[in-house]
There are 2 protein chains.
Amino acid sequence: MKAHILTIGDELLIGQTVDANAAWLGEQFSLLGIEIVRSTTVGDTAHTIHTELDRAFEDADLVVTTGGLGPTHDDLTREVVADYFGVPLRVNETLMQMLRDYYERRGRSFPEAARKIALVPAGFELMDNPVGTAPGLWYASANDARMIAVLPGIPQEMKAIAEAALLPRLRTRGDLQTVEHRTLLTTGVGESSLQEKVGDLSEYLDDALKLAYLPSTSGVRMRLTAYGDDRAEAQSRIKQLEQVLRERVGRYIFGTGDDELEAVLGDQLRERGLTVATAESCTGGFVAHRLTNVSGSSDYFVGSVVSYANRVKVEQLGVDPDVLAEHGAVSEPVARQMAQGVRTLLGANIGVSTTGIAGPTGGTPDKPVGTIWVGYADAQGDHARRLQFVKDRTVNKELFSTSALEMIRRQLQRRAASQEPA
Amino acid sequence: MKAHILTIGDELLIGQTVDANAAWLGEQFSLLGIEIVRSTTVGDTAHTIHTELDRAFEDADLVVTTGGLGPTHDDLTREVVADYFGVPLRVNETLMQMLRDYYERRGRSFPEAARKIALVPAGFELMDNPVGTAPGLWYASANDARMIAVLPGIPQEMKAIAEAALLPRLRTRGDLQTVEHRTLLTTGVGESSLQEKVGDLSEYLDDALKLAYLPSTSGVRMRLTAYGDDRAEAQSRIKQLEQVLRERVGRYIFGTGDDELEAVLGDQLRERGLTVATAESCTGGFVAHRLTNVSGSSDYFVGSVVSYANRVKVEQLGVDPDVLAEHGAVSEPVARQMAQGVRTLLGANIGVSTTGIAGPTGGTPDKPVGTIWVGYADAQGDHARRLQFVKDRTVNKELFSTSALEMIRRQLQRRAASQEPA
């Protein structure tokens, strides 16, 4: 089965609302093994909606629309869909009674505009709306050549109808292809380098087994997708590819699916009974912010000193003023002293530090914008790494903070490896 | 001018990523008076992208694509676009040299896959990417019958190219309808209260002059829009409405347009020669992060102590352990002592503190999730405010941090008012 998602509403086109409905439906459908061919957003204009239905059914068997089902003059979906299928709109008496009851229960008079909600295209079935007044609509032509589900645009109502009536209806159809997905999350390696390290996969990949690289400021995700008639087979192909990838680039993989680096790290710290503190200059508290975005982070996160002024580096973190003067704030010894300093000051097992130039100004030929030293200290000693990123301040702060988290991850990985039996 | 937005990527179709690019572009275009006819998402499949370009140009003069510009095998946009316009892809030597330099500066060998980024369809112009390696592409056919802008899918890169190269290019075209926009930014007041305080505007508003309230975690924006054939008239109507709004709710308005609260606040602090330090518990460094997102913030931001563990509140910030035991960490006296403590410790004029329950767990009947005390201290004394927000941790951290910034803004406003001649 191939589906087209059609979201309707001027507010989506002009960006007043981000279209989260299409993403949610896309996820639900792909979990059912329904291929989404295309997803389109159009405004509240009858002929555009009509044209898009035409185009959608060129490739898809199933079209799902959201939006335009309300009582106001700019809600056109019901009329356009009836017109598209060449059937009249008829008042559904049961629905009309439900609407009257709804307003009566609330002690409000029945608004004339609400009458529109009781109009149903002839031959369409209703899908119950457990959380609102406008029901969803369903229609399947002979041999299921053209199926349509018409849902409201309010996300809660759309989801409630889909979960209660639409998805169960689709789940019972036997003709669905099985699709399995798995996402491996990496960090500490760029997209091109990762692909190079992964190397040739031509003996594994084909039309029914795909790999996509998705970069972001917290790392590159690898998405594995397998299609098949049989779930077990699809899963086994994904598993095989995952194993190859883990053999080749496993050291960069920190998690799967929706895992967050800060949460994975948090679990590892908690498991090993380790605590962490951060000393932040160029990240300005962002590393601490990310660590504390995880509920329960107080188990392992002690605190942070954001030493934006050099004075704070010296007075609070104990950075040697001579070293600071000689090497500058963005330097290896300062990064190391900051990491050791915060570890001692706040009494944590691990100290991590950042000192760099987020930009857009402040760069020099030796230390251009985007330069960062990330420091690490624990009871065994300290060290620092220099990295070079981009020119944008916001992006740099994100990449800098990811590097600091990655520094902790790498050390925990080394510890684990060194404790393995030889 | 009519535009079609075409976002490309399997991850969008299957709902792994919510398509925020289309919304952002939609907003920017509608601010320029460009009508968005339709917005479509397709997967990483050459023939679907090709078909969609065909359909897009049926109604639109301008097509903007995002995604599929990376170096990996599933990045197809550049090839499909070249094919669609019937032009060959050629290596751009300048771009190739930039890429080589990019990797050399990072001390990394040039990955073969990156070579793809230097391929440019013949006749296309490059649009500089200030934050990444892949530039945007631009092409306009004879008489501008078909224009295309090809942008990367990573939001930061897409926005940076659009702001630096695409939007200015479109702004210079004379055939756009005159639309004037102005956004007044408020903070410290909810959407309903703001609307109530604004009161009746029916004598000002009509089809050609509109006001929208747009709530966010950093405050409610009021967007004023005027349409017209004549720029001067539209501007004068906007100005009149702005004056009415400023008379009624001016004390909540901290800026206009894209102003950020943290930047406006920074300017005020710099102007008055004041410095600030933060002591953060529930915000976990997020207030410091926001303050340091502003370039040049080292002029007034000294640093922060993130006192996640209570021990840090006592040992570093000098919170009285008896007060902590008696009132709990989330209390007025602790918030005040934290603010005074960090002010003294880091030697700043102003200290601001946050202590609260971000959630989702940790609430009590007296102090439910979403409770926060924001503390403020300067040479004149200290005080704290209790506020109550929602159940979501991420949203709370944002609202909490806005409250801390708003606390500083309010105090600066009071100072200014008290120094005005009577």
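Everything that follows concerns the structure shown earlier in this document.
Everything numeric here is computed off the predicted structure, so don't read it as measured data.

Novice: Any details on the overall build of chain A? Residues and values, ideally.
Specialist: A count of helices and strands for chain A gives 14 helices and 17 strands. The C-alpha atoms of chain A give a radius of gyration of 28 Å, which is well past the 22 Å a tight globule of 422 residues would have. Within chain A, the proportion of its 422 residues that are buried is 56%. In chain A, the share of contacts with a sequence separation of at least 24, taken over all contacts with a separation of at least 6, comes to 67%. Split by element, the accessible area of chain A, about 17500 Å² in all, is 46% carbon and sulfur. Computed over 44 positive and 57 negative side-chain charges, the separation of the two mean positions in chain A equals 4 Å.

Novice: Would you mind going over the pattern of salt bridges in detail, with residue names and values included?
Specialist: Under the criterion given, the structure shown has 39 salt bridges over all chains. In this structure, the salt-bridge partner of Arg38(A) is Glu52(B), at a minimum N-O distance of 2.5 Å. Linking Arg38(A) in strand β2 (residues 35–42) with Glu52(B) in helix α3 (residues 46–59), this pair reaches from one chain into another. The two residues Arg38(A) and Glu52(B) agree in class, both being buried. Among the salt bridges present, the one from Asp59(B) reaches Arg55(A), with a minimum N-O distance of 3.8 Å. Of this pair, Asp59(B) sits in helix α3 while Arg55(A) sits in helix α3 (residues 46–59), on two different chains. Several salt bridges share partner residues, and in doing so they unite Arg38(A), Glu58(A), Asp59(A), Glu52(B) and Arg55(B) into one network.

Novice: Can you break down helix α8 (residues 231–249) of chain A residue by residue, with the values?
Specialist: Helical geometry: 3.6 residues make up each α-helical turn, so side chains three or four residues apart lie on a common side. In this model α8(A) runs 26 Å from its N-terminal to its C-terminal C-alpha over 19 residues, within 8% of the 27 Å that 1.5 Å per residue would give. Considering only its buried residues, α8(A) is in contact with β9 (178–186), α7 (191–198), β10 (209–216), β11 (219–228) and β12 (253–256) of chain A.

Novice: Any chance you could break down the layout of surface pockets for me, citing the residues and the numbers?
Specialist: Of the volumes computed, that of the second largest pocket is approximately 870 Å³. Surrounding the second largest pocket, 30 residues form its lining, Asp10(A), Ile14(A), Ser30(B), Glu35(B) and Tyr227(B) being those nearest its centre. Of all elements in the fold, only α1 (10–13) and α3 of chain A together with α2 (20–31), β2 (35–42), β9 (178–186), β10 (209–216) and β11 (219–228) of chain B reach the threshold of two or more residues within the lining of the second largest pocket. Considering each element in turn, the lining of the second largest pocket owes the most residues, 4 residues, to β2(B). A class-by-class count of the residues in the lining of the second largest pocket yields 10 nonpolar, 12 polar and 8 charged.

Novice: With reference to specific residues and values, describe the side chain of Asn129(A).
Specialist: Residues and elements named next belong to chain A. Mapped onto the fold, Asn 129 is located in the loop between β6 (125–127) and β7 (136–140). Among the residues examined, Asn 129 registers a relative accessible area of 12% and is labelled buried. Not counting residues within four places of it along the chain, the set of residues in contact with Asn 129 comprises Ala 134, Pro 135, Pro 152, Glu 157 and Ile 161.

Novice: Can you explain the interface of chain A and chain B? Please cite residues and give values.
Specialist: Taken together, the contact between chain A and chain B spans 80 residues of the former and 78 residues of the latter. A combined buried area of about 6000 Å² lies between chain A and chain B, and 50% of that area is made up of carbon and sulfur atoms. The largest per-residue losses of area from chain A upon contact with chain B belong to Arg38(A), Arg55(A) and Tyr308(A), which jointly make up 11% of the total buried on that side. Counting the contacts that link chain A with chain B gives 7 salt bridges. With its nearest N and O atoms 2.9 Å apart, the salt bridge here joins Arg55(A) to Glu58(B). The tally of links between chain A and chain B comes to 39 residue pairs in polar contact (both at pLDDT 80 or more). Per element, the largest residue contribution to the side of chain A that touches chain B is 7 residues, and it comes from β2(A). Its residues assigned to classes, the side of chain A that touches chain B comprises 29 nonpolar, 34 polar and 17 charged.

Novice: Can you break down the sheet that holds β9(A) residue by residue, with the values?
Specialist: Residue and element names in this part refer to chain A. The 4 strands lie next to each other as β10-β11-β9-β12, forming an open sheet whose pairing is antiparallel. At either end of the open sheet lies a strand with only one pairing partner, and these are β10 and β12. Here the average twist between neighbouring strands, direction ignored, is 25°. Two elements, β10 and β11, share 8 bridges in a ladder whose sense is antiparallel. Within the sheet, the bridge partner assigned to Leu 211 lies in β11 and is Leu 224. The strands touched by α7 are β9, β10 and β11; relative to β10, the strand with the most contacts, the crossing angle is about 150°.

Novice: Got a sec to walk through the environment of Arg393(A)? Specific residues and values, please.
Specialist: Its place among the elements puts Arg393(A) in helix α14 (residues 393–419). Through-space distance from the C-alpha of Arg393(A) to that of Asp44(A) is 39 Å; in sequence the pair is 349 residues apart. Excluding anything up to four places from it in sequence, Arg393(A) contacts Tyr308(A), Ala358(A), Gly359(A), Pro360(A), Thr292(B), Asn293(B), Val294(B), Ser295(B) and Ser297(B). Of note is the side chain of Arg393(A), whose polar atom sits 2.9 Å from the side chain of Tyr308(A).

Cut-off values and rules
- Residues numbered from 1 in each chain as written.
- Chains lettered and ligands numbered in written order.
- Predicted model: local features only at pLDDT ≥ 70, side-chain atom pairs only at ≥ 80, totals over all residues.
- Heavy atoms only, no water.
- Helix = DSSP H or I, 4+ residues; strand = E, 2+ residues; numbered from the N terminus.
- Rg over C-alpha atoms; globule rule 2.2 N^0.38 Å.
- Buried < 20%, exposed > 50% of the residue type's maximum accessible area, 1.4 Å probe, protein only.
- Contact = heavy atoms within 4.5 Å.
- Areas by Shrake-Rupley, 256 points an atom, 1.4 Å probe, with all protein chains shown as cover.
- Lys, Arg positive; Asp, Glu negative; His and termini not counted.
- Charge placed at Lys NZ, Arg CZ, Asp CG, Glu CD.
- Salt bridge = Lys/Arg side-chain N within 4 Å of Asp/Glu carboxyl O.
- Expected span 1.5 Å × (residues − 1).
- 1 Å grid on protein atoms, 1.4 Å probe; cavity = no way out; pocket = protein on both sides within 12 Å on 5 of 7 lines; lining within 4 Å.
- Points joined across faces, edges and corners; volume = space filled by probe spheres on them.
- Nonpolar A, V, L, I, M, F, W, Y, C, P; charged D, E, K, R; others polar.
- Buried area = accessible area lost by both parts, 1.4 Å probe.
- Polar contact = N/O pair within 3.5 Å; in protein donor to acceptor, adjacent residues only side chain to side chain.
- Pairing = 2+ DSSP bridges.
- Axes fitted to C-alpha atoms, helices over the stretch in contact; angles between N-to-C directions.

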